[in-house]
Amino acid sequence: MPNGTHFVQLDLPIEKVWEFVSDINRWAPLAPGYIDHKIIDEHQSTWHFKGDVGKVQKKIGLKVNIIEWVAPTSVRFKLKGISENLEGSGYFQAEKITAERTNVTGCLSISAGGMMAPMINSVLKSVVPKTTIEFTESVANRLMKEQAVSK
């Protein structure tokens, strides 16, 4: 399954990180290719993206199911394509280093099924790690920017 993991260290207390990642509305718009999202309930939402599949740009819809909220350390989720044959999972994991420093890891795994799976998965092998880095860095940058504004 194509996957990516990215780690950042933030000069923020773990509570500030949790305050941000515990609210999907704050981090969903930071996903690469983001178009929109809709909260269904505290565990389920739908997200839409513009995605590149080879040289073709396509609108992709995913059902996001939060399978675990563990304050203040982790959010784990499963992904399922709405009209595409896609499945995956991911997480944000926070680890307190000191009172003012937190390690944050973002992870994403996603794969395609069906007749086009071999071609799509070969593209996803390069796209998913880049997307994971972009998404994790976007969350980290937004967290640092919000912290700087609140000081």
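On a predicted model such as this, the values are computed, not experimentally measured, just so you know.

Engineer: So what's going on with the packing of aromatic side chains? Residues and values would help.
Structural biologist: Scanning the model with the defined rule gives 7 aromatic pairs in all. Geometrically, the ring pair formed by W27 and F77 is tilted, given 6.4 Å between the ring centres and 40 degrees between the ring planes. Taken as a pair, W27 in helix α2 (residues 24-27) and F77 in strand β5 (residues 74-81) lie far apart in primary sequence, 50 residues in all. Using a relative accessible area of 0% as the deciding quantity, one classes W27 as buried.

Engineer: Let's hear about the nonpolar core: which residues, and what values?
Structural biologist: Judged by nonpolar contacts, the single largest core of 35 residues is most densely connected at L10, W27, W47, F135 and V139. Looking at this core element by element, the count peaks at 6 residues for helix α3 (residues 117-150). In contact with W27, other than residues within four places in its own chain, are F20, V21, S22, W47, V75, F92, F135 and V139.

Engineer: Provide a residue-level description of a nonpolar patch on the surface, including the pertinent values.
Structural biologist: On the surface, a nonpolar cluster with roughly 390 Å² of combined accessible area is contributed by M115, M116 and M119. Residue placement: M119 occurs in helix α3.

Engineer: Pulling in residues and values, what's your account of the pattern of salt bridges?
Structural biologist: A full pass over the atoms with the stated rule returns 5 salt bridges. Between E87 and K80 there is a salt bridge, with its nearest N and O atoms 3.1 Å apart.

Definitions and limits used
Within any chain, residue numbers begin from 1 and follow the written order of that chain's sequence. With pLDDT at 70 or above as the cut-off, local features in this predicted model cover only qualifying residues; side-chain atom pairs require 80 or more to be listed or tallied, and sums for whole chains, interfaces and linings still use all residues. Note: side-chain values were computed over all heavy atoms of the structure, leaving out hydrogens and water. Aromatic rings from Phe, Tyr and Trp, with only the six-membered ring used for Trp, were paired whenever their centres fell within 6.5 Å, and each pair was classed as stacked if the ring planes differed by under 30 degrees, edge-to-face if by over 60, and tilted otherwise. The numbering of helices and of strands both runs from the N terminus, where a helix is a DSSP run of H or I of at least 4 residues and a strand a run of E of at least 2. Each residue gets one of three labels from its accessible area relative to the maximum for its type: buried under 20%, exposed over 50%, partly exposed in between, using a 1.4 Å probe on protein chains only. Among buried residues, the Ala, Val, Leu, Ile, Met, Phe, Trp, Tyr and Cys ones that are joined through side-chain atoms within 4.5 Å form a nonpolar core. Residue contacts are defined here by distance: any two heavy atoms, one from each residue, within 4.5 Å place the two residues in contact. Exposure above 30% relative accessible area and no salt bridge define the residues that can form patches, which grow by joining like charges within 9 Å and nonpolar side chains of Val, Leu, Ile, Met, Phe, Trp and Tyr within 5 Å. Note on areas: Shrake-Rupley, 1.4 Å probe, and residue coverage restricted to the protein chains presented here. Whenever a carboxyl oxygen of Asp or Glu lies within 4 Å of a side-chain nitrogen of Lys or Arg, that contact is scored as a salt bridge.

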